Amino acid sequence: MSVLVGSTVKMCALVNSEDVFWWVVKMSVVVGSEDEFFGKNSEHPSHSVFTMDEDNTTNVLKDKEKKKTFTVPMPKKKKGFKGKKKQQQMFKPKPKQTNIEQDEITSLQERTAKLAEVNWEEVESFDKLPLSKKTRLGLREHKFTVPTKIQRQSLILSLRGIDVVAAAKTGSGKTLAFVIPMLELLYIRKWTNVDGLGAIILTPVRELAYQIFSVLNKVGKKHEFSAGLIIGGKDLKYEWSLVHNCNILVCTPGRLLQHMTENPDFDTDNVQMLILDEADQCLSMGFADTMNYILEGLPQERQTLLFSATQTRDVKDLVRAGCHNPVFCSAHENSKTTTPKGLKESYVVCEVHDKFQFLWSFIKYHKKHKILVFFATCKQVQYMYHIFCKLQLGLTVLALHGGMHQLRRMAMYDDFCAKKFAVLFATDVAARGLDIPAVDWVLQLDCPEDVTTYVHRAGRTARYSNSGQSLLVLSPTEETEMVSKLTTKNIPIEKIEVDPNRIHTIHIKVEVVLSKYNNLKEEAVRAFKAYLKNIALMKDKKVFDVTSINLNVFARSLGLGVTPRIRFLEKKLKQKFGSDKSTTNKPLQPQKPTLTTLNFNAGDSDDDEDDGNDFLSTAKDQKKYLNDLDVDTNTIIHEEPMKGKEKMITKAAVAKKLLKKNLQINTRIVFDDEGELVMDPTKQQVSQAARQMTAEEVDGGINIDQLKVIMREEDHIDKKLHAEKAKLNKIKRKEKAKKKKEEEEDEDMVEEDEESEDDALQTIIDELPDPDKVFGSGGDSDEDEEEEDSDSERGEQEEDSDNESGEEDEDSDNESGEEDEDSDSETDDEEVTSEDEEAKGSDKTKVSGKRQARQRAREVKRARLAQTNDLQTLPVDEQEQLALFLLRGRT
Ligand SMILES: Nc1ncnc2c1ncn2[C@@H]1O[C@H](COP(=O)(O)OP(=O)(O)OP(=O)(O)O)[C@@H](O)[C@H]1O
C-alpha cells in the first residue's frame, strides 16, 4: 500500500495573520510503502535517498546497494555499438547521511559525558562545547561565537540533561542559553515529526514568545525540526490541524492550556523538555491556575529549565515546576549591581500633576533618541498616545499595551524595533524580555510596582554589551521608600534635577485639543481614573499613597477642566481629611513643585532639540544651570512659587489666560470672490449689551450676569433673523412652485389636449347608463350584463387607484419641493448639459400632462354623471335622443 509520509521537515515560517499563528512546518513528501519507510529508514526517517531510474521516475530505494548510487538514463546506443550495457556513474557514492549523523551523535554523547569535568570559565567559544554541527553553523551564521557567562554556566549543566534554574542580568543572553540545549536534546534523540511534540518553551508575554521563536529560527535553521508559535488568536480549530505536527512549541500559558484541554489531536505525552522563560512570572499568582493545569498534563520524566533575570528561589515553586534535583546557576550573584554594567540609572522627583509636561519636555529634548516610556495602565498609554499624536511632537509615537489587538501590537513592536528615533508608550507588557535594538532611554513615568518590575523595565536598554540610560520618575511621597528599596537590592540609582526652565507647559494646548475632540476627553477621564485606581490597589502602601495626589491639579494636567468624580476615593479622603474635606475640594495648591518655572513659548520652537544633556542634571550641575539661566519674564507662570504666599489658581484665571491667547476653536472663516472677509450676521454679537461690554474695560474675571443678559438679547436677535430668513425662503419656494405649475400647464395644453379629450369622452361613455337599460332591452344577453358590471367595477377601481397615486405624487412633489431649493437649481443646470436628463424631463412633463388630462376628464365625468342623473327627469323622447347621440359618438 502506498502512503504519503511526511519526512523531511525544515524550518520556515508560514504566517496566518488573521489568527496570529506562525507555523514552521514544511514537508517534503516521500512516496513509498509504509513498510519500506518505517522498516528500512526507521533509524532516521527524515533522511531518504532518492534515485532516478531509466524511465526518469523517482523511487525510494529498496536495498542498501541501490542507495549508494544515483543513476541517470543512458544515452541511446549508436549504430554498430557492440559493448555491454553499462550504467554510467555520475557521482561518487555518498556516505549514508544517517551514518554520519550517528557518528556525530556518538561523539557528542562522549563529549557531553566529559562536561562534568569542564570549568565553565574555560569555555571560550561555542566550538568548545559538545554541540552538533547544525547548531554551530546556525550560531556562526548569526555571529554568536563567544558564549556569555550565563550561557557557559548553564550549558555545561543543561547539555548533560540536568534541570537548571538560571538567573542572570537582563540582556545577558538567556534565550540562547535555553534554545541551544533544547535543539541538542532533540538532535541527539533523533527527533522527527513522527515523534510529535518534543519540547515546549513557555513565556508570559506574546511579544516575548514571538522573539524567542525568531531566535529559534535563526539558531535552529540548519536543523530539521518543525516548530510552531501559538500565542493566542481566534481560530483555534485552524491550529488544531497543525499543532500536532510540531516538534517544538513556543507559547504563552493560556493558549497552550487551551490546546491541551480542547484539542483532541494535541498530545504532550512525549515531551522531553520544558522551558520556562521569565520563570518567576510564569510561576507567579497571576498564572497559578493555568500553570498548574499545564504542569499536571506534562510527563514527569522530562528535563526542566527555568530562566529569569529575577529568578524564584522558592522551593515550592521549583517543585511545582517539576524540577528534579535542579542546579541553581546565578551568573551575576557576586556582581556589585543587579542591573547591567552599561546602564546608567537615575531618578527625578516630580509631582503626579507635573508628569505630563515633564514627559512632553523630556521627549522634546531627546528627539534624536529611541525612548521607551512605561505607564501604569493601558488607559494612560492609550490617552497619551492619542494626545501626543494630536499635539504633533515631531517624533514617531507608538503604543503597546495589553488592550490592543494582537496584530496592531505586533506592528507597533516591529515598528519600534525598526526605527532609529521613536518613542514607545507601553505598559508592563513590554517590561520583560523584549530585546529591542538600540533603546537609548527607558523612562519609567509611573513608579513600578516593585523592584523586580523596575529591574525588568530598566533592562530594556543597555543590553548585551551596549550602554543605555534609565530614568525613574517618583512623586515626593514615593521617593524615600522606593529609593531605599532599590538601593538595598544593589541598584545604583542617582537623584537628578530637572532644569526648570526647560519644562514646557502643555496643558493649555491639551485643553484646546480636548475641547475639539470629545472622545479624547473621555479617554483623559478614563486615564485619570485608571491611574488613581491603580495606585489605590497597589500592595505596597508605604510607597503608594493615593490620597496624596491633588486630584484637581492632576485632572487639569491631563487637560480636564472638571475633575471627574472618583467614588472609591471619597471614603478614603474623608477618613484622611475629615468629614467635609477632601483633596478634590481643597484649594488647588501646588506642593513644593520640583518643576517650578513653566515656559509656554519655549515649547513651540524646534531649536530646543538637543541631545538632552541640558535637560537633566545632577545636583552639582544644577547650580551652574541656575547661574547660566536667562529666565524669560514674559512667560506666564501659573504655578510659580510665590514668596510667602502661593498664588491661587482659579478657573477664572485660566479662562482669562485663554481669552488673552485669543484661541478660537472650530471657527470657519469665509471669504468672497474678491478675498473680502464674509461676516456671518448670525455669528456676530449685535446686541446693545454686547456692544456695551466690549466698549467697557474688563476688569478681570467673568461677569456671569452680564453674559447672561447678552446671551438672552443675542438669542432674541437670532430668532428674529431666523424667522425672517424662513419667511423669505417660503416666499421663494411658493413663487418657484407657481412658475413651474404654469409652465407645465402650458405644455400640457398643447400636447395632451386631444388625448385627454378622447380619454374624457371614453370615460363618460363608459360611465353612462346602458341605453338598453334606460330604454328597456329587447332580448339582451347575460354576457353583456356581466361585461358591463365588471366594466363599472373596473372603472371604480381605476378611479380609486388614480386618486391614491395622485395623492402620492402630490406628496412627493411637495416633499421634493420643500426639501431642497438648491437641488432644483442643480437639476436645471443638468438639464442644459445632459441629453438624457432632457429626455427624462420631457417624460416627466408627459406624465404630468396625462395626469392633468385625467383630472379634467374626471371633472367632465362628474358633470355628465350629474347630467345623467338629471336625464331621469327629462321626458322620455329627449332621453332617447340624447342616448342615440351619445351612441353615435361612441361608434
Ligand atoms: N553569545 C552571544 N554573542 C553575541 N550576542 C549575544 C550572545 N548571546 C546573546 N546575545 C545578544 O544579547 C542580546 C540579549 O539577549 P537575550 O534577549 O537573550 O537576553 P536575556 O538575558 O534573555 O534578557 P532579558 O532578561 O531581558 O530577557 C540579544 O540581542 C542577543 O542577540
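Residues numbered from 1 in each chain as written. Predicted model: local features only at pLDDT ≥ 70, side-chain atom pairs only at ≥ 80, totals over all residues. Heavy atoms only, no water.

Our next topic: the overall build of the chain. Counting secondary structure elements, the chain contains 31 helices and 23 strands. Classification of the 891 residues of the chain by burial places 43% in the buried group. Taking the contacts inside the chain whose residues are at least 6 apart along the sequence as the reference set, 76% of them involve residues at least 24 apart. A total accessible area of about 50,400 Å² is found for the chain, and carbon and sulfur atoms account for 49% of it. (Helix = DSSP H or I, 4+ residues; strand = E, 2+ residues; numbered from the N terminus. Buried < 20%, exposed > 50% of the residue type's maximum accessible area, 1.4 Å probe, protein only. Contact = heavy atoms within 4.5 Å. Areas by Shrake-Rupley, 256 points an atom, 1.4 Å probe, with all protein chains shown as cover.)

To continue, consider the site of the ligand. Of all residues adjacent to the ligand, which total 21 residues, the nearest are V146, Q151, K174, T175 and D435. The separation between a nitrogen atom of the ligand and a polar side-chain atom of Q151 is 2.8 Å. Contact between the ligand and R460: an oxygen atom at 2.9 Å from a side-chain N or O atom of the residue. Ranked by residues supplied to the shell around the ligand, first place goes to helix α6 (residues 174-188) with three residues. Of the residues in the shell around the ligand, the class split is seven nonpolar, eight polar and six charged. (Near = heavy atom within 4 Å. Polar contact = N/O pair within 3.5 Å; in protein donor to acceptor, adjacent residues only side chain to side chain. Nonpolar A, V, L, I, M, F, W, Y, C, P; charged D, E, K, R; others polar.)

A few words on unusual backbone geometry. Working note: non-glycine residues mostly have negative phi, and peptide bonds are mostly trans. The phi dihedral of E278 is positive, around 50 degrees, even though this residue is not glycine. By the secondary structure assignment, E278 is in the loop between β11 (273-277) and α10 (279-282). A relative accessible area of 5% means that E278 is categorised as buried. Even without glycine at this site, Q392 takes up a positive phi of about 50 degrees. With respect to the helices and strands, Q392 occurs in the loop between α14 (378-391) and β16 (397-400).

Tracing the backbone through its elements, the reader meets F425 in strand β17 (residues 422-426). Judged by its relative accessible area of 0%, F425 falls in the buried class. Between the alpha carbons of F425 and L443 there is a distance of 9.5 Å; along the sequence they are 18 residues apart. When sequence neighbours within four positions are dropped, the list of residues in contact with F425 reads L359, I363, V373, F375, V381, M384, Y385, F388, V397, L398, A399 and L400.

Let us look at helix α18 (residues 507-516). The buried fraction of α18 amounts to seven of the 10 residues, a majority that puts the element mostly inside the structure. When we look at burial in α18, the residues that qualify are H507, I508, V510, E511, V512, V513 and L514. On its buried face, α18 is in contact with α13 (355-365), α14, α19 (518-537), α20 (551-557) and α23 (651-661).

Summed over all chains, the structure comprises 20 salt bridges. Its salt-bridge partner being E224, residue K134 comes within 3.7 Å of it at the nearest N-O pair. Of this pair, K134 sits in helix α4 (residues 133-141) while E224 is found in the loop between α7 (206-219) and β9 (227-230), placing the two residues 90 residues apart along the sequence. Given a relative accessible area of 17%, K134 falls into the buried group. (Salt bridge = Lys/Arg side-chain N within 4 Å of Asp/Glu carboxyl O.)

On the surface, a cluster of negative charge is made up of E742, E743, E745, D746 and E747. You can see E747 is positioned in helix α25 (residues 704-751). (Patch = residues over 30% accessible without salt bridge, like charges linked within 9 Å, V, L, I, M, F, W, Y side chains within 5 Å. Lys, Arg positive; Asp, Glu negative; His and termini not counted. Charge placed at Lys NZ, Arg CZ, Asp CG, Glu CD.)

Applying the stated criterion to the full structure yields 10 aromatic pairs. Between the NZ or CZ atom of R313 and the centre of the ring of F328, over which it lies, the distance is 4.6 Å. One residue, K370, lies across the ring of F416, its end atom 5.2 Å from the ring centre. (Phe/Tyr/Trp six-rings, centres within 6.5 Å; stacked < 30°, edge-to-face > 60°. Lys NZ or Arg CZ within 6 Å of the ring centre and 35° of its normal.)

This paragraph deals with the packing of α14 against α19. Running from N to C, α14 and α19 point in directions that differ by 145 degrees, and their axes come no closer than 8 Å. Where α14 crosses over α19, the handedness of that crossing is left-handed. The segment α14 lies against α19, with K379, Q380, Q382, Y383, H386, I387 and K390 engaging L520, E523, A524, R526, A527, A530 and Y531. The residue inventory of the contact of α14 with α19, partitioned by class, reads seven nonpolar, three polar and four charged. (Axes fitted to C-alpha atoms, helices over the stretch in contact; angles between N-to-C directions. Left-handed = near helix turned anticlockwise from the far one by under 90°.)

With that out of the way, let us pick up the pairing of strand β7 (residues 164-167). Burial along β7 is two-sided: V164 and A166 facing one way and V165 and A167 facing the other are all buried. Pairing between β7 and strand β12 (residues 303-308): four bridges, direction parallel. Paired with V165 across the two strands is L306, which belongs to β12. Looking at chain direction, β7 and strand β13 (residues 327-330) are connected through four bridges and run parallel. Each residue of the ladder has a partner; that of A167, found in β13, is S330. (Pairing = 2+ DSSP bridges.)

As a further point, take the nonpolar core. Of all hydrophobic cores here, the largest spans 141 residues; its most connected members are F358, I387, F388 and F425. In terms of residue count, α6 provides more of this core than any other element does, 10 residues in total. Counting 27 residues, the second largest nonpolar core, distinct from the first, contains L197, L249, C251 and L276. (Core = buried A, V, L, I, M, F, W, Y, C linked by side-chain atoms within 4.5 Å.)

Glancing now at the packing of α13 against α14. Two elements in contact, α13 and α14, have axes whose closest approach is 13 Å; the angle formed by their N-to-C orientations is 55 degrees. Judged by the inter-axis angle, α13 sits oblique to α14. In the crossing of α13 with α14, the sense of the turn from one axis to the other is right-handed. For the pair formed by α13 and α14, the contact residues are F356, L359, W360 and I363 on the first element and Y383, M384, I387, F388 and L391 on the second. Within the contact of α13 with α14, the residues separate by chemical class into nine nonpolar, no polar and no charged. (Parallel < 35°, antiparallel > 145°, perpendicular 65-115°, else oblique.)

Let us now look at the side chain of H259. Along the chain, H259 falls in helix α9 (residues 253-262). Overall, H259 belongs to the buried group, its relative accessible area being 0%. If we skip the residues at most four places from it in the chain, H259 touches I230, L236, E239, W240, V243 and F266.

So, about the pairing of β12. Across the six residues of β12, six count as buried, placing the element largely inside the fold. Every second residue of β12 is oriented toward a common face, with Q303, L305 and F307 on one face and T304, L306 and S308 on the other, all of them buried. Sheet analysis places β11 next to β12, joined by five bridges and oriented parallel. Bridge pairing in β12 places L276 opposite L306.

By definition, a disulfide links the sulfur atoms of two cysteine residues through a covalent bond. All chains considered together, the criterion is met by zero disulfides. With no disulfide of its own, C251 lies 9.8 Å from the sulfur of C282, the closest cysteine sulfur. Taking relative accessible area as the criterion, C251 reaches 0% and is therefore assigned buried. (Disulfide = S-S within 2.5 Å.)

Once that is clear, we can look at the confidence of the model for the chain. Parts of the model with low pLDDT should not have their predicted coordinates read in detail. Scored by pLDDT, the chain has a mean of 73; 62% of the residues are at 70 or more. When the criterion is pLDDT under 50, residues 1-87 qualifies, and its contacts beyond four places in sequence or with other chains add up to 172 contacts. Residue range residues 619-645 is modelled with pLDDT below 50. Its contacts to residues more than four positions away, or to other chains, number 44 contacts. For this predicted complex, the interface confidence reaches an ipTM of 0.99, while the overall pTM sits at 0.61. (pLDDT = per-residue confidence, 0-100.)

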